[in-house]
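Descriptive structure summary
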Amino acid sequence: MKRRRFLSHAIRAASGAVCSQLLPSGLRAFQGTQGVVPKTSADTSARPQLALTLDDPTLSLGSVIRWPEANSRILKAISDKNVRAALFVCGMRVDETDGAKLLSGWDQAGHLICNHSYSHKFYGEQTSYADFAVDFLKNEKVIAPYHNRTALFRYPFLKEGDTADKRDRFRALLKERGYRVGHVTIDASDWYVSQRYLDQFSKKPKTPVAPYRDYLIAHLLDRAAFYRQLALDVLGRDIRHTLLMHFNPLNAFVLPEVLSAFETAGWQWIDASLAFEDPVFRSQPMTLPAGESLVWALAKETGRFEGRLRYPGEDEVYEKSKLDALAL
Ligand SMILES: [Zn+2]
């Protein structure tokens, strides 16, 4: 009921049309032109929205958990929130029979299967355009069999090229292949917190997961608040956000609590396909070195936020001393 009132109010407010027959096809038309009415909005338009994007599914997670269990735990945590995520696949981690099983689970659950290159090269000084392009194209074969294969590319380490020539040539290749960039807006170092948990677990197999979960949740919420505010200051509006997380053991254990913590903090989970419809994802910041969170790069491009931007945007160096201090 509330939803219907909100929606019809939104249409009236925008177009002056007061006609219940407008719903739902009229609503869709309205969204098409305005692009600001959230399709999954329940009873408020004020909640910031984000989608889960998960990188680097892998068959090798170490001794703490095997991939089938990690996979089913992560998939269940996402489906319990009734949303679809985007999975960014790096071919070398899944290029065998079991890898196809892993990816099929995501495909069948309706998640987007996206390209994260084959070998996870750092597109800086050490990688030429030609090598990076070949590696990207090689990965197309890995994700080709899946129904939900989506032409979104995520740069490994979010590094988009160290020179204007390399940056622009690869962007042109993406365009030629029909791709868009699967940008991250909320960058974070979840991978490092999981690595610290695994390091400790290898020394003490009874290491409790709870302190790592609590650190991870606080870290992610802190980064989300930072990038949300930065986006508001740079763009003057709330954008639909994409949160970067990884397919790793810690996330396999605590993803349900992570997802719920965002809701408690006021965020609303939405489908990744909806998030990527936000026009912000079509922007192409002309920064060098290119990359980082899209919000970071847009802020950098203005030259007005230097005091708030560190480089890289996120990294283990920012978390290490805090984890050390907690003996984690
Ligand atoms: Zn990656």
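Let me sum up the structure you'll find in this document.

Rules used in this analysis
Within any chain, residue numbers begin from 1 and follow the written order of that chain's sequence. Local features are withheld for residues below a pLDDT of 70 in this predicted model, meaning they are given only at 70 or higher, and side-chain atom pairs are given and counted only at 80 or more; totals for whole chains, interfaces and linings count all residues. As a rule here, side-chain values cover all heavy atoms of the structure and leave hydrogens and water aside. Each aromatic pair joins two rings of Phe, Tyr and Trp (for Trp, the six-membered one) with centres within 6.5 Å, and gets the label stacked for planes under 30 degrees apart, edge-to-face for over 60, and tilted for any other angle. Numbering of helices and strands runs from the N terminus, with a helix taken as a DSSP run of H or I at least four residues long and a strand as a DSSP run of E at least two residues long. The buried label applies to any residue whose accessible area, calculated with a 1.4 Å probe on protein chains only, is under 20% of its type's maximum; exposed applies above 50%, and partly exposed to all values in between. This arc describes the spread of directions from the helix axis toward the C-beta atoms. Two residues qualify as a contact provided that any one of their heavy atoms is within 4.5 Å of a heavy atom in the partner residue.

**Digging into the packing of aromatic side chains**
- In this structure the tally under the stated criterion is 21 aromatic pairs.
- Relative to F253, the ring of Y197 lies with its centre 6.4 Å away and its plane at 85°, an arrangement referred to as edge-to-face. Here the residue Y197 occupies a position in helix α7 (residues 190-203), and F253 occupies one in helix α9 (residues 249-264), the gap between them amounting to 56 residues.
- Summarising the aromatic geometry, the rings of W296 and Y311 are spaced 5.8 Å apart at their centres and angled 55° between planes, so their arrangement reads as tilted. Residue W296 is located in helix α11 (residues 294-302), and its partner Y311 is located in the loop between α11 and α12 (316-325); the two are separated by 15 residues in the primary sequence.
- For Y311, a relative accessible area of 43% puts it in the partly exposed group.

**Thoughts on unusual backbone geometry**
- A cis amide bond links L288 to the next residue, P289, at an omega of -10°.
- Within the fold, P289 resides in the loop between α10 (272-275) and α11.
- Y311 connects to P312 through a cis peptide bond whose omega is -5°.
- Within the secondary structure layout, P312 lies in the loop between α11 and α12.
- A positive phi angle is found at D56, which is not glycine, with a value near 60°.
- With respect to the secondary-structure elements, D56 resides in the loop between β1 (49-55) and α3 (67-79).
- Taking the relative accessible area as the measure of exposure, D56 reaches 8% and is therefore buried.
- Of note, E292 is a non-glycine position whose phi angle comes to about 80°, a positive value.

**Looking at α12**
- Buried residues of α12: Y318, E319 and L323, and no others. Mapping the buried residues of α12 onto a view down its axis gives an arc of 115°, with all of them on the same face. Those residues of α12 that are exposed and aimed more than 90 degrees away from the buried face are V317 and A325.
- Looking at the buried side of α12, the elements it contacts are α7 and α8 (210-235).
- In the stretch just after α12, A327 is the one whose phi turns positive, near 60°.

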